[in-house]
Amino acid sequence: MADCVAVLTAVHEDGGYPVHWPDRPADWLTPRSLLSAWVAELDGRVVGHVVLSHSDEGDLAPGLWRTRHPEAGAAAVVNRLFVSPAARGRGIGSALLERATSEAYARGLHPVLDVVASDTAATALYERLGWELLDVVEQHWGPDRPVSLRCYAAPSS
């Protein structure tokens, strides 16, 4: 877990993810709603991380998915996806996303996610991989902290 927190720290310092640095990063990486989590390694070092979880308070994409596809069943949320700045450009983010997506489908769930709209690298990844933009919504992350989020659903399996 210490390696994951170290990579998360580098990601935060490089690009501001997560937007709000958690008081307890290791706990943030393993939310209560956790279904599964994975890390990516390169040359024996942790360089990435992703979580698949049940919908949690504040997740918007699952509700949008149910509204748009009421016949499709329940959703699972892909989150806590990050790759070390030093390891980017090697397909690691795509591989982690594919792993989480495959697990969701294996569980009979449809993968969805929310991403801060200003994270253009992440949105480019999701769109390149065929994820469906469900909506762009505004959410408040504290008093006077509106944040624009892009909500996506994975392509059908």
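Residues numbered from 1 in each chain as written. Predicted model: local features only at pLDDT ≥ 70, side-chain atom pairs only at ≥ 80, totals over all residues. Heavy atoms only, no water.

1. Some thoughts on the environment of arginine 88
And step 1. Looking at the element boundaries, arginine 88 is found in the loop between β3 (75-83) and α4 (92-106).
And step 2. Distance from arginine 88 to arginine 45, taken between C-alpha atoms, is 14 Å for residues 43 residues apart in sequence.
And step 3. Beyond its immediate sequence surroundings of up to four residues, arginine 88 is in contact with Val11, Asp14 and Val83.
And step 4. At 3.1 Å, the side chain of arginine 88 forms a polar contact with the backbone oxygen of valine 83. (Helix = DSSP H or I, 4+ residues; strand = E, 2+ residues; numbered from the N terminus. Contact = heavy atoms within 4.5 Å. Polar contact = N/O pair within 3.5 Å; in protein donor to acceptor, adjacent residues only side chain to side chain.)

2. What to know about the sheet that holds strand β5 (residues 132-140)
And step 1. Judged by pairing direction, the sheet is mixed, and its six strands sit side by side in the order β1-β2-β3-β4-β6-β5 without closing on themselves. On the outer flanks of this sheet lie β1 (34-42) and β5, each paired with one strand and no other. Geometrically, the sheet is characterised by an average inter-axis angle of 25° between neighbouring strands, direction not taken into account.
And step 2. Direction of pairing for β1 relative to strand β2 (residues 45-53): antiparallel, over a ladder of eight bridges. Across the sheet, glutamate 41 pairs through a bridge with valine 46, a residue of β2.
And step 3. With respect to the sheet, α4 is in contact with β1, β2, β3 and β4 (110-116), its orientation differing from that of β3 by roughly 160°. (Pairing = 2+ DSSP bridges. Axes fitted to C-alpha atoms, helices over the stretch in contact; angles between N-to-C directions.)

3. Focus: the nonpolar core
And step 1. Counting residues in hydrophobic clusters, the biggest one holds 25 residues, and the most contacted among them are Val78, Leu96, Leu97, Leu113, Tyr126 and Trp131.
And step 2. When contributions to this core are tallied by element, the ones reaching two or more residues are β1, β2, β3, α4, β4 and α5 (120-128).
And step 3. Looking at this core, the element that brings in the most residues is α4, giving five residues.
And step 4. With residues up to four places along the chain from it excluded, the contact list for valine 78 reads Val50, Val51, Leu52, Leu97, Ala100, Pro111, Val112, Leu113 and Trp131. (Core = buried A, V, L, I, M, F, W, Y, C linked by side-chain atoms within 4.5 Å. Buried < 20%, exposed > 50% of the residue type's maximum accessible area, 1.4 Å probe, protein only.)

4. Some details on the side chain of asparagine 79
And step 1. With respect to the element layout, asparagine 79 can be found in strand β3.
And step 2. Overall, the relative accessible area of 14% leaves asparagine 79 in the buried class.
And step 3. Among the polar contacts listed, one links the side chain of asparagine 79 to the side chain of serine 53, at a separation of 3.2 Å.
And step 4. Discounting residues that sit within four places of it in the chain, asparagine 79 has contacts with Val50, Val51 and Ser53.

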